[in-house]
Amino acid sequence: MNVAAKHVLDRHGFHFQKKYGQNFLFDINLLDDIAASASVGRQDFVVEIGPGMGSLTARLAQRAKKVLAIEIDGNLIPILKETLADYDNIEILHADVMKIDLAQVIREFIGQSERETIEKKARKEQIIDEITDATCDPTREALPPVKFVANLPYYITTPIIMRLLEEGGAGAFSYDSITVMVQKEVAERMVCGPGSKDYGALSLAVQYYTKPQIVREVPAESFYPPPKVDSAVVHLAHYDKPPVEAADERLLFALIRASFNQRRKTLINGLFNGSGLAFSKEEYADILQTCGFPADIRGEKLSLADFAALTNEIYRRKA
Ligand code: SAM
């Protein structure tokens with residue numbers, strides 16, 4: 001940690017809280033690299049989860065149109081107000097990201113920003129009377145997509161990613177990409193395919209909604225305090241349309257969950273015990289045969305395309 005940052009934290013009597021996964025970044029090159037790999041530009045609305053003392057937030061604000069920084073720790077709010085005082089395009093929200101209505105928060109964030117832009121323009125052109133609620137209604141449908149960028153707290157990395165993927169996938173909000181620092185092991189789970197020991201429900205969800213890429217690995221010593229594990233920056237580019245066609249997305253993910261809940265069992269047993277569907281083992285054997293899978297195959301051998309084929313066959317038989 002640099003002297004200036006330590007001075008600010010000490011002055012506010014700040015103590016790092018392990019329960020919030022507080023491992024901060026101070027390396028300017030690394031922070032710039034994260035902002036660059038998110039391809040943040042002047043038109044972008046960025047949502048940062050867990051700004052800490054604002055080192056990444058400042059980097060993002062220098063490139064973006066506007067940044068929303070959501071921080072759970074109330075002790076960091078006065079610190080953020082101080083470290084980010086020079087920026088007029090940052091909104092700080094004191095909240096637990098897992099407990100807020102994220103779609104509503106994003107709508108208000110963008111709506112408010114658009115209102116300010118329209119008001120600024122109107123003031124310049126002296127057409128104040130023309131500002132109506134309809135011209136800047138934050139609840140209207142087509143809001144621009146956001147970019148999520150974060151050095152995520154590791155204790156809730158997977159639930160946060162799953163939330164962004166699922167809610168974004170269901171159209172609750174629109175997003176371009178998710179660029180996040182995560183544990184190296186989680187990054188590997190996101191990008192790997194069938195046959196890898198890391199392959200599982202997270203890999204499939206990430207790869208259904210996005211094209212994932214590990215941007216760079218980051219050693220534990222780059223953080224203060226250093227975590228026990230190494231990390232990696234991943235960039236998840238949101239697909240306009242998933243790479244496979246599944247007749248029913250909920251069914252697809254229910255089948256994936258059932259297959260991986262009992263990893264050591266065959267796919268037939270996993271589906272029979274965990275899918276909640278009323279098929280017998282014999283019917284599952286027939287479904288697998290129709291899909292061209294061996295009868296004793298395990299779920300971990302199926303690719304995303306295989307799971308989509310399985311979903312479509314089960315969907316057809318359920319109808
Ligand atoms: N972005 C900062 C940096 O890179 O230096 C801090 C990253 S630190 C790994 C994670 C941050 O997320 C902390 O500031 C922590 O307080 C915050 N955080 C933890 N849980 C959170 C939650 N549920 N909602 C919002 N912020 C959270």
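Residues numbered from 1 in each chain as written. Predicted model: local features only at pLDDT ≥ 70, side-chain atom pairs only at ≥ 80, totals over all residues. Heavy atoms only, no water.

Q: Explain the nonpolar core residue by residue, including any values.
A: Counting 68 residues, the largest nonpolar core has Phe 148, Ile 161, Leu 165, Ile 178, Met 190 and Leu 310 as its most contacted members. In terms of residue count, helix H9 (residues 249-261) provides more of this core than any other element does, 7 residues in total. Of the residues that make up this core, three or more belong to each of domain 1 (3-238) and domain 2 (249-318). Ignoring sequence-local partners within four residues, the contact set of Leu 165 consists of Tyr 175, Ile 178, Ala 205, Val 206, Tyr 209 and Thr 210. (Core = buried A, V, L, I, M, F, W, Y, C linked by side-chain atoms within 4.5 Å. Buried < 20%, exposed > 50% of the residue type's maximum accessible area, 1.4 Å probe, protein only. Helix = DSSP H or I, 4+ residues; strand = E, 2+ residues; numbered from the N terminus. Domains from an automatic or database assignment. Contact = heavy atoms within 4.5 Å.)

Q: Account for the site of the ligand, naming residues and giving values.
A: Around the ligand, a shell composed of 23 residues is seen, among which Leu 25, Gly 50, Glu 71, Asp 96 and Asn 151 lie nearest. Residue Glu 71 places a side-chain N or O atom 2.6 Å away from an oxygen atom belonging to the ligand. A distance of 2.9 Å separates a nitrogen atom of the ligand from a polar atom in the side chain of Tyr 155. When the ligand sits alone it has 590 Å² of accessible area, and the protein chains cover 99% of it. Listing elements by their share of the shell around the ligand, those giving two or more residues are strand S1 (24-25) and strand S3 (66-71). Across the shell around the ligand, the residue classes break down as 13 nonpolar, 6 polar and 4 charged. (Near = heavy atom within 4 Å. Polar contact = N/O pair within 3.5 Å; in protein donor to acceptor, adjacent residues only side chain to side chain. Areas by Shrake-Rupley, 256 points an atom, 1.4 Å probe, with all protein chains shown as cover. Nonpolar A, V, L, I, M, F, W, Y, C, P; charged D, E, K, R; others polar.)

Q: Residue-level account of the sheet that holds strand S4 (residues 90-94), with values.
A: One open sheet accounts for 7 strands, arranged S4-S3-S2-S5-S6-S9-S7; its pairing is mixed. A strand with exactly one partner marks an edge of an open sheet, and here the two such strands are S4 and strand S7 (210-218). Between one strand axis and the next, the sheet turns through 20° on average, direction left out of account. Taken together, the 5 bridges between strand S2 (residues 45-49) and S3 define a ladder with parallel strand orientation. Counterpart to Glu 48 in the pairing with S3 is Ala 69. On top of the sheet, helix H7 (residues 184-191) reaches strand S6 (175-183), S7 and strand S9 (231-238); it is set at about 135° to S6, its chief contact. Its contacts with the sheet put helix H8 (residues 201-209) on S6, S7 and S9, and the angle it makes with S7 is roughly 115°. (Pairing = 2+ DSSP bridges. Axes fitted to C-alpha atoms, helices over the stretch in contact; angles between N-to-C directions.)

Q: Lay out helix H11 (residues 281-291) in plain terms, naming residues and giving numbers.
A: Among the residues making up H11, those that are buried are Tyr 284, Ile 287 and Leu 288. Buried residues of H11, viewed axially, fall in a sector of 100°; they line one side. Residues of H11 that are exposed and point more than 90 degrees away from the buried face comprise Glu 282 and Gln 289. For H11, the secondary structure elements touched by its buried residues are helix H10 (267-274) and helix H12 (304-318). One or two residues past the end of H11 sits Gly 292, with phi positive at roughly 85°. (Arc of directions from axis to C-beta.)

Q: Outline unusual backbone geometry, supporting the account with residue identities and numerical values.
A: Omega for the bond connecting Tyr 224 with Pro 225 falls within 30 degrees of zero, at -15°, which places this linkage in the cis form. Here Pro 225 is to be found in the loop between strand S8 (223-224) and S9. At Ser 39, a position not held by glycine, the phi torsion is positive, near 50°. Positionally, Ser 39 belongs in the loop between helix H2 (28-37) and S2. Accessibility expressed as a relative area gives 49% for Ser 39, which makes it partly exposed.

Q: Kindly report on helix H1 (residues 3-11), identifying the contributing residues and their values.
A: Turning to H1, its buried residues are Ala 5, Val 8 and Leu 9. For H1, the angular spread of the buried residues around the axis is 95°, confining them to a single face. The outward face of H1, more than 90 degrees from its buried face, is lined by the exposed residues Val 3 and Ala 4. Turning to H1, the residues buried within the fold contact helix H4 (77-83). A positive backbone phi angle near 65° is found at Gly 13, which sits one or two residues after H1.

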